[in-house]
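Residue-level structural notes
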Amino acid sequence: MSERLPAHLEISSMIRLAETNGGFAMVLAKGERDAGTILIVSMFRGEDTRLYERMPQLDGTRPFVLTKSQDIEKPKEFDEYISRRRSQDPDIWVLEVDIDNLERFIALLPK
C-alpha cells in the first residue's frame, strides 16, 4: 500500500491550511484524483508570483521546491509555462495560494 495521500485529499488539506493561516486558496486546474502531480502557484496580495512543485530527494522525501518565479517584465511567460506543463501532463493539479509568509506555509506541508 502506498504511503502517499490521494491528490484530491491533499489539495483539500492545503486549502484548509491556507485558510487557517489567514490566506486563500483555490484550484485552478483539477488533475488525476488519486495520483496527480500538484503545482502550487503562490503569491501575496496578487504579487510576487512563484511556482512550487514536489521534487523527490535522495532521502525519499518529496518537499515542495521553488521551480519558477514570475518576471514582472514578462507576466505572460509564467502563465504560458503552466499551460505547457498542463498540456504535457493533463493529470496535474494547479492550486493557487494567496498567503502572507509563504515559506512558513510551504514548511507546514508534508514531505
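Everything below is about the structure shown above.
So, here's what we can say about the structure. (Residues numbered from 1 in each chain as written. Predicted model: local features only at pLDDT ≥ 70, side-chain atom pairs only at ≥ 80, totals over all residues. Heavy atoms only, no water.)

This brings us to the sheet that holds strand β2 (residues 38-44). Strand order in this open sheet of 5 strands is β1-β5-β2-β3-β4, and the pairing throughout is mixed. Looking along the sheet, the strands with just one partner apiece sit at the ends: β1 (24-29) and β4 (64-69). Each adjacent strand pair in this sheet contributes to an overall mean axis angle of 30°, direction not counted. Relative to β4, strand β3 (residues 47-54) runs antiparallel, the two being bridged by 5 bridges. (Pairing = 2+ DSSP bridges. Helix = DSSP H or I, 4+ residues; strand = E, 2+ residues; numbered from the N terminus. Axes fitted to C-alpha atoms, helices over the stretch in contact; angles between N-to-C directions.)

Okay, the nonpolar core next. Within the largest apolar cluster, 18 residues are counted, with the highest numbers of intra-cluster contacts made by M14, I38, I40, F64, V97, F105 and I106. Each residue touching I40, except ones within four places of it in the same chain, is listed here: M14, R50, L51, Y52, F64, L95, V97, I106 and L109. Listed in part, the 10 residues of the second largest apolar core include L39, V41, I92 and V94. (Core = buried A, V, L, I, M, F, W, Y, C linked by side-chain atoms within 4.5 Å. Buried < 20%, exposed > 50% of the residue type's maximum accessible area, 1.4 Å probe, protein only. Contact = heavy atoms within 4.5 Å.)

When we look at burial in helix α2 (residues 75-88), the residues that qualify are F78, Y81, I82 and R85. With its buried residues spanning 90° around the axis, α2 presents them on a single face. Pointing more than 90 degrees away from the buried face of α2 are the exposed residues K76 and S87. At its buried positions, α2 is contacted by β2, β3, β4 and β5 (93-98). (Arc of directions from axis to C-beta.)

A complete count under the given rule lists 0 aromatic pairs for this structure. For K68, the ring lying beneath its charged end belongs to Y81, and the centroid distance is 5.3 Å. (Phe/Tyr/Trp six-rings, centres within 6.5 Å; stacked < 30°, edge-to-face > 60°. Lys NZ or Arg CZ within 6 Å of the ring centre and 35° of its normal.)

Here the structure, examined in full by the defined rule, presents 5 salt bridges. Among the salt bridges present, the one from E10 reaches R54, with a minimum N-O distance of 2.4 Å. Residue E10 is located in helix α1 (residues 7-20), and its partner R54 is located in strand β3; the two are separated by 44 residues in the primary sequence. You can call E10 buried: its relative accessible area is 5%. Since its relative accessible area comes to 13%, R54 is described here as buried. The partner of R50 in a salt bridge is D48, and the shortest N-O contact between them spans 3.1 Å. Residues participating in the shared-partner salt-bridge network are D48, R50 and E103. (Salt bridge = Lys/Arg side-chain N within 4 Å of Asp/Glu carboxyl O.)

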